[in-house]
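# Structural overview for review
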Amino acid sequence: MTHEIKQIIKDKARQLGFTLAGVTIPEPPPHYNTFENWLAQGHHGTMEYLASERSRVSRANPREIIPECKSILVLATAYSSPSGRGMSEGQGEGDITGTIASYAHGADYHDVLPARMKALVQFIEEQVGGPVKNRYYTDTGPILERDLAQRAGIGWIGKNTCLINPKQGSYFFISEILLELELEPDPPFITDHCGTCTRCIEACPTDCILPNRTLDATRCISYLTIELKEDIPVELRDKMGSWVFGCDICQMVCPWNRFAPAGDPVFEMTTPPHTLTEELSLTPQAFNQRFKLSPVKRTKRRGYLRNVAVALGNTGDMHALPILQNAMNDEEPMIREHASWAMDKITSSLSGESR
């Protein structure tokens with residue numbers, strides 16, 4: 001019976017837009033000690049919520065979230081890779097666009113995926129003929145998502161810490177539904193297909209990928225452009241290139257992503273990218289309007305324009321100087337500080353100096 005209902009649930013999950021689905025048991029995750037060691041070394045940076053008592057207790061044992069939990073349904077939703085969406089960085093002087101992580105070009109997955117999980121839970125309850133205690137997350141709950149996904153047979157955790165599926169690559173979101181329903185668990189994905197490849201480690205401009213398949217988040221471009229709410233460390237700014245929200249570099253060089261299929265259309269870009277100089281001129285109202293349905297809103301205006309100023313500085317383009325000078329009048333001190341750095345970077349590069 002559990003095999004039959006599991007297959008019916010998986011079929012429904014695919015109808016709702018989930019690319020992959022697997023089931024695992026609600027036992028403590030195998031790499032929890034790795035997580036504790038990562039915290040102890042301070043690699044989580046300013047993400048203090050990860051080190052909270054609730055976070056650690058729940059991540060150590062999923063049953064702390066729902067004591068009655070009998071199985072965990074793990075889901076993956078594909079989004080297109082940068083090559084799959086034909087991204088470019090603009091043409092001509094002063095026409096350079098910032099680079100945004102591929103998952104953030106369309107709708108915010110925090111807005112899209114919970115509704116799909118809710119619909120799937122309702123379907124499950126219809127199938128079993130009554131309410132099922134549940135809790136669902138997508139990058140929002142105190143659980144070790146990739147550990148659970150690997151144990152549910154979705155893929156393996158690569159050297160760049162991304163979950164990789166041999167047919168889908170790594171361009172997908174992970175979601176989980178904890179269920180008070182016993183489902184037959186899928187066999188875990190135990191094979192490591194990274195082999196001796198170190199492309200992701202070598203390609204990372206900030207050297208944030210650690211040997212034990214964890215990251216020093218304090219050096220990761222995704223952390224610097226999204227999670228960090230303070231000034232970006234000066235020594236890392238010129239390594240960030242044109243990234244203004246997130247980073248895809250370690251996924252872009254991964255051989256398993258060469259043939260990654262197209263993703264869910266809801267996460268595709270709906271408007272053409274704006275140039276960096278246009279972005280740096282965004283008023284608070286314009287920022288809120290432009291990104292109200294986008295994950296980019298997480299950075300808030302001051303964080304986003306901070307990132308844009310750094311990207312402009314890294315262009316070395318003298319045509320950016322007037323707009324950076326104008327940003328020196330912004331009410332946000334952080335924007336002014338990074339605009340000042342960007343102007344110094346450009347003028348130094350033009351005069352042949354190094355910073």
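Before any of the text, the structure's been laid out above.
Let us look at the structure shown here. Being a predicted model, the structure only gives us computed values, none of them experimental. Residue numbering note: each chain is counted from 1, following its sequence as written. Given that the model is predicted, a residue must reach a pLDDT of at least 70 before its local features are reported, and side-chain atom pairs must reach 80 or more before they are shown or counted; all residues, however, enter totals for whole chains, interfaces and linings. Processing note: side-chain calculations cover all non-hydrogen atoms of the structure and skip hydrogens and water entirely.

Classification of residues uses two cut-offs on accessible area relative to the type maximum, computed with a 1.4 Å probe and protein chains only: under 20% is buried, over 50% is exposed, and between them is partly exposed. Where helices and strands are cited, they refer to DSSP runs of H or I of at least four residues and of E of at least two residues respectively, numbered from the N terminus. In terms of burial, strand S1 (residues 20–24) is largely enclosed, as five of its five residues are buried. The alternating pattern of S1 places Leu20, Gly22 and Thr24 on one face and Ala21 and Val23 on the opposite face, and all of these are buried. Whether two strands pair depends on DSSP finding at least two bridges between them. One ladder, built from five bridges, connects S1 with strand S2 (residues 71–78); its direction is antiparallel. Note on S2: the bridge partner recorded for Val23 is Leu73.

A word on the packing of helix H2 (residues 32–40) against helix H3 (residues 53–60). A pair of packed helices is characterised by two quantities: the angle between their axes and the separation of those axes. Helix axes are fitted only over the stretch in contact, all axes being lines through C-alpha atoms; the angle between N-to-C directions runs from 0 to 180 degrees. Relative orientation of the contacting elements H2 and H3 amounts to 160°, with a least axis distance of 10 Å. In terms of orientation, H2 and H3 fall into the roughly antiparallel class. H3 is crossed by H2, and the crossing has right-handed handedness. Contacts between H2 and H3 involve Tyr32, Phe35, Glu36 and Leu39 from the former and Ser55, Arg56, Arg59 and Ala60 from the latter. Angles are sorted into four bins: roughly parallel if under 35 degrees, roughly antiparallel if over 145, roughly perpendicular if 65 to 115, and oblique for all others. Left-handed describes a crossing whose near helix is turned anticlockwise from the far helix by less than a right angle; the clockwise case is right-handed. We call two residues in contact when some of their heavy atoms are within 4.5 Å.

Let us look at the side chain of His43. Examined against the element boundaries, His43 turns out to sit in the loop between H2 and H3. The exposure class assigned to His43 is buried, which follows from its relative accessible area of 13%. With residues near it in sequence (within four places) discarded, His43 still touches Trp38, Leu210, Leu215, Asp216, Ala217 and Thr218.

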